Amino acid sequence: MIAHEELTSNVYDDIRFQRVIVEEMGELLPAKLLAECDLSRARSILEIGCGTGEWLRKVAQQYPDLQCIGIDEDELQVKAANALAYRDGLAQVAFLAHPINDIPLTLFPQTSFDLVHLSFLSRYVLTADYPSLARMCAALCRAGGIVCWTEAELPITTSAAFERLTLLVCKALQQAGLSFIPESMWEWAELLAARSGKPGVERSSYKRHALGITLMLGRWLRDAGCGAQRESPLYSIWGLDERVIYETAYAIEVSAGQPANAGFVGQARRFAHQVKAFLLRTGVIEEREHTALCDQIETELATQEFCGLSFLLRAWAPRP
């Protein structure tokens, strides 16, 4: 059992925030997914990006015969997750600390899970290879099982400072070649510009205002071989990918006075400092300006007038 003194205030904040997120989403999994993947008859599930394990413990409590495994990079969060599972008497639940981007297929037998859930991996945007993660999850999922991916964009808020931080992060990702804009989209832009006789589109002039990770979930799942067959033959006729990716969207209010506000404010403070080195390295901001921006974020997020919304997407598909 982990001692309380081993847990930092950040871990306690993460536990509370993840609990609120699960409650605010209002469901552990979409009803349509549960109708297709009956967890009461399933044997095992895997969650990648489990954090402190709030979602997985809820699932285990609801389905006590289900073997549940969670993986996360943060060792303190994993220790907390195991301690909470022990406290709740969930002997069928285990959490492992392991780099998200380096999970060998030999860690588990292939096709051994009925459900594989990827959970909020946008926090690893600087290190994760998302297409490879999707392919690995498909390989670990049994035929007829489900690969599910729950992801979030950076919230939209009334804080000018936080909106500027979002813009700077997107700009830095683009400059570092980590943007989710496919290279082919730039090729199209250059081709059209050449045909029109006008100067090409400068990549540096394109200002993205969202990570865009939720836009890519369907593509990554399809490319990993997941998806239900579409009934309409028109997609086959036109040579389009006919596999269906099911999606459920959620909006969680993080405004002052709302249940998710305190957790969001804490996460926003940490995020602003975590991306500091990356922002400085890509040259989108200077250190003095970053310090002032963090101070402004602290002030604006603490006001009673602060409003914000966080948009989440859960995309899932069967593995043929």
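Refer to the preceding data block for the structure.
The rules behind the values
- Throughout, residues of each chain are indexed from 1 in the direction in which the sequence is written.
- In view of the model being predicted, local features appear only for residues whose pLDDT reaches at least 70, and side-chain atom pairs are presented and counted only at 80 or more, with totals across whole chains, interfaces and linings using the full set of residues.
- Hydrogens and water are ignored here; the side-chain numbers use all heavy atoms of the structure.
- By definition, any uninterrupted DSSP run of H or I lasting at least four residues is a helix, any uninterrupted run of E lasting at least two residues is a strand, and each is numbered from the N terminus.
- Under the scheme applied here, a residue whose accessible area is under 20% of the maximum for its type counts as buried, over 50% as exposed, and between as partly exposed, the area being computed with a 1.4 Å probe on protein chains only.
- Only heavy atoms enter the contact rule, under which two residues are in contact if any of them lie within 4.5 Å.
- Computed by Shrake-Rupley with a 1.4 Å probe, the accessible areas treat only the displayed protein chains as cover when residues are assessed.
- Both site types are read off a 1 Å grid over the protein atoms alone. A 1.4 Å probe that fits but cannot get out defines a cavity, while an open set with protein on both sides within 12 Å along at least five of seven lines defines a pocket; lining residues have an atom within 4 Å of a point.
- Grid points are joined across faces, edges and corners, and a volume is the space filled by probe spheres set on the points.
- For this classification, Asp, Glu, Lys and Arg are treated as charged, while Ala, Val, Leu, Ile, Met, Phe, Trp, Tyr, Cys and Pro are nonpolar and the rest, including Gly, are polar.
- Note on terminology: a nonpolar core comprises buried Ala, Val, Leu, Ile, Met, Phe, Trp, Tyr and Cys residues joined through side-chain atoms within 4.5 Å.
- Aromatic pairs are defined between Phe, Tyr and Trp rings, using the six-membered ring for Trp, whenever the two ring centres lie within 6.5 Å; interplanar angles under 30 degrees are classed as stacked, those over 60 as edge-to-face, and all others as tilted.
- Between the N-to-C directions of two axes lies an angle of 0 to 180 degrees, each axis being a line fitted to C-alpha atoms and, for a helix, fitted only over the stretch in contact.
- Here the angle decides the label: under 35 degrees means roughly parallel, over 145 means roughly antiparallel, 65 to 115 means roughly perpendicular, and every other value means oblique.

Draft legend 1. Representation of the overall build of the chain. Looking only at helices and strands, the chain has twelve helices and ten strands in total. Each of the 320 residues in the chain was classed as buried or not, and the buried ones make up 48%. Across the chain, every contact between residues at least 6 apart in sequence was considered, and the portion connecting residues at least 24 apart equals 78%. Carbon and sulfur atoms provide 53% of the accessible area of the chain, an area that totals close to 16100 Å².

Draft legend 2. Region of the structure containing the layout of surface pockets. By volume, the largest pocket is sized at about 1200 Å³. Lining the largest pocket are 45 residues, and of these Phe17, Phe120, Ser122, Arg123 and Gln267 sit closest to its centre. Looking at the lining of the largest pocket, the elements with two or more residues in it are helix H1 (9-25), helix H3 (54-62), strand E4 (113-119), strand E5 (141-152), helix H6 (160-175), helix H10 (261-274) and strand E10 (308-318). Residues of the lining of the largest pocket, tallied by class, amount to 25 nonpolar, eleven polar and nine charged. Its volume calculated, the second largest pocket comes out at about 290 Å³. Looking at the second largest pocket, it is lined by 17 residues, and the ones nearest its centre are Pro131, Leu178, Ser179, Phe180 and Trp220. Of all the secondary-structure elements, those providing two or more residues to the lining of the second largest pocket are helix H5 (130-140) and helix H8 (213-223). Considering each element in turn, the lining of the second largest pocket owes the most residues, four residues, to H8. Counted by class, the lining of the second largest pocket contains eleven nonpolar, three polar and three charged residues.

Draft legend 3. Geometry of unusual backbone geometry. Despite not being glycine, Thr111 shows a phi value in the positive range, around 55°. Among the secondary structure elements, Thr111 is positioned in the loop between strand E3 (93-97) and E4. If you check the backbone angles, Phe120 has positive phi at about 50° while not being a glycine. Looking at Phe120, the relative accessible area reads 24%, which means it is partly exposed.

Draft legend 4. The arrangement of the nonpolar core in detail. Among the nonpolar cores identified, the biggest contains 68 residues, and Leu121, Tyr130, Trp149, Leu165, Trp220, Phe264 and Leu279 are the most heavily contacted of them. Not counting residues up to four positions away in its chain, the partners in contact with Trp220 are Tyr130, Pro131, Ala134, Trp149, Phe180 and Ile213.

Draft legend 5. Just the packing of aromatic side chains, in detail. Counted according to the given criterion, the structure contains nine aromatic pairs. On the basis of an interplanar angle of 15° and a centroid distance of 5.2 Å, the ring pair of Tyr130 and Trp220 is categorised as stacked. One end of the pair, Tyr130, is in helix H5; the other, Trp220, is in helix H8, with 90 residues separating them in the sequence. Residue Tyr130 shares its accessibility class with Trp220, and that shared class is buried. One aromatic cluster is present, formed by Tyr130, Trp149, Phe180 and Trp220 through successive ring pairs.

Draft legend 6. How the structure looks around the packing of H6 against helix H12 (residues 287-301). Running from N to C, H6 and H12 point in directions that differ by 135°, and their axes come no closer than 7 Å. What the angle tells us is that H6 and H12 run oblique. Residues Ala160, Ala161, Phe162, Arg164, Leu165 and Leu168 of H6 form the contact with H12, whose participating residues are Glu289, Leu293, Gln296, Ile297, Glu300 and Leu301. In terms of residue class, the contact of H6 with H12 is built from eight nonpolar, one polar and three charged.

These figures capture arrangement, not role.
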